[in-house]
Amino acid sequence: MSKRTPVMTGGCQCGAVRFAVYAEPYNHHICHCRMCQKAFGGFFAPLVNVKNEDFEVTRGTIATFHSSRDVERGFCAACGTPLTVFDDGSDHLNVSIGSFDEPARLKPGIQIGMESRMPWFAELAGLPADTTQSAGEKDGFLDELAVIAATNHQHPDHDTETWPPADGTQEDER
Ligand SMILES: [Zn+2]
Ligand SMILES: [Zn+2]
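These numbers come from a predicted model, not from an experiment.

(A) Focus on the overall build of the protein. Within the protein one finds three helices and 10 strands. A total of 174 residues make up the protein; the buried ones form 35% of that total.

(B) Representation of the coordination of the zinc ion (ligand 1) in the model. The coordination sphere of the zinc ion (ligand 1), as far as protein atoms go, consists of Cys12 (SG), Cys14 (SG), Cys76 (SG) and Cys79 (SG), spread over 2.3 Å. In this structure, the zinc ion (ligand 1) is surrounded by four donor atoms whose angles at the metal cover 105 to 113°, and the resulting shape is tetrahedral. Read in sequence order, the donor residues for the zinc ion (ligand 1) give the motif C-x1-C-x61-C-x2-C. Separated by 62 residues along the polypeptide, Cys14 in the loop between strand 1 (8-11) and strand 2 (18-21) and Cys76 in the loop between strand 7 (71-75) and strand 8 (82-87) bring together distant segments of the chain. Taking the relative accessible area as the measure of exposure, Cys14 reaches 26% and is therefore partly exposed.

(C) Structural context of unusual backbone geometry. The omega torsion of the bond from Trp163 to Pro164 falls at -5°, within 30 degrees of zero and hence cis. Structurally, Pro164 can be placed in the segment after helix 3 (142-150). Non-glycine residue Asn27 carries a positive phi angle of around 55°. Note on placement: Asn27 falls in strand 3 (residues 26-31). Under the relative-accessibility criterion, Asn27 is labelled partly exposed at 38%.

(D) Up close: the nonpolar core. In this structure, Phe19, Val21, Phe55, Leu83, Val95 and Phe100 are the most contacted members of the largest nonpolar core, which totals 16 residues. When contributions to this core are tallied by element, the ones reaching two or more residues are strand 2, strand 4 (45-51) and strand 9 (92-96). Not counting residues within four places of it along the chain, the set of residues in contact with Leu83 comprises Gly11, Cys12, Val17, Phe19, Ile62, Gly74, Phe75, Cys76, Asn94, Val95, Ser96 and Ser99. One finds Cys31, Cys36, Leu47 and Val71 within the second-largest nonpolar core, a separate group that totals seven residues.

(E) Examining the sheet that holds strand 2 more closely. Overall, antiparallel pairing links the three strands, which are arranged 1-2-5 in an open sheet. Each edge of the sheet is formed by a strand with only one pairing partner; in this case those strands are strand 1 and strand 5 (55-59). This sheet shows a mean twist of 25° between the axes of neighbouring strands, independent of strand direction.

(F) The arrangement of the pattern of salt bridges in detail. Evaluated as defined, the whole model comprises eight salt bridges. Between Asp91 and Lys51 there is a salt bridge, with the nearest N and O atoms lying 3.0 Å from each other. Of this pair, Asp91 sits in the loop between strand 8 and strand 9 while Lys51 sits in strand 4; the two residues are 40 residues apart in sequence, bridging distant segments of the chain. By relative accessible area, Lys51 is classed as partly exposed at 29%. Each of Arg18, Asp101 and Asp159 takes part in a single network of salt bridges with overlapping partners.

Criteria and cut-off values
Residues numbered from 1 in each chain as written. Chains lettered and ligands numbered in written order. Predicted model: local features only at pLDDT ≥ 70, side-chain atom pairs only at ≥ 80, totals over all residues. Heavy atoms only, no water. Helix = DSSP H or I, 4+ residues; strand = E, 2+ residues; numbered from the N terminus. Buried < 20%, exposed > 50% of the residue type's maximum accessible area, 1.4 Å probe, protein only. Donors = N, O, S within 2.8 Å, 3.2 Å for Na, K, Ca; no water. Tetrahedral: all angles 85-135°; square planar, octahedral: opposite > 155°, others 65-115°. Core = buried A, V, L, I, M, F, W, Y, C linked by side-chain atoms within 4.5 Å. Contact = heavy atoms within 4.5 Å. Pairing = 2+ DSSP bridges. Axes fitted to C-alpha atoms, helices over the stretch in contact; angles between N-to-C directions. Salt bridge = Lys/Arg side-chain N within 4 Å of Asp/Glu carboxyl O.

Coordinates in, geometry out; function isn't part of it.
Below, the structure written as structure tokens:
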């Protein structure tokens, strides 16, 4: 592990892969291209750039898939979280914003891949809205929400010494 102090940290949902970045990410963007949609299983890929030398995998290994000759997409082989997009020979890589521990700090400044943007993308922010809790109350799945909270296997949004916890407790019980 590096002795440098991370600027930000992140990792996959299951915690098998953790990473650190040692410089402020740049070029915060979302990519609507069809390959990013497929790779992320979403409407777009939210990404920031980090110089190769400022990115370090601090736990586990990032599995990769070459989506084209020169583009390598990195993900967690255990849980599937999309983590990186690397263009062969580049001095930087793209890191998925949602995998960072503090994604709200990484506000996108530009959108690309407009040819594939969902035609109703601009309408999404105006959809009827609920919190998880208020939806649970309205639609009657509060019991399920309690089970999710009590058996949450998602890695917390900070580095951990060992994961999963050796004693089997959840983060909110520690
Ligand atoms: Zn994982
Ligand atoms: Zn793309």
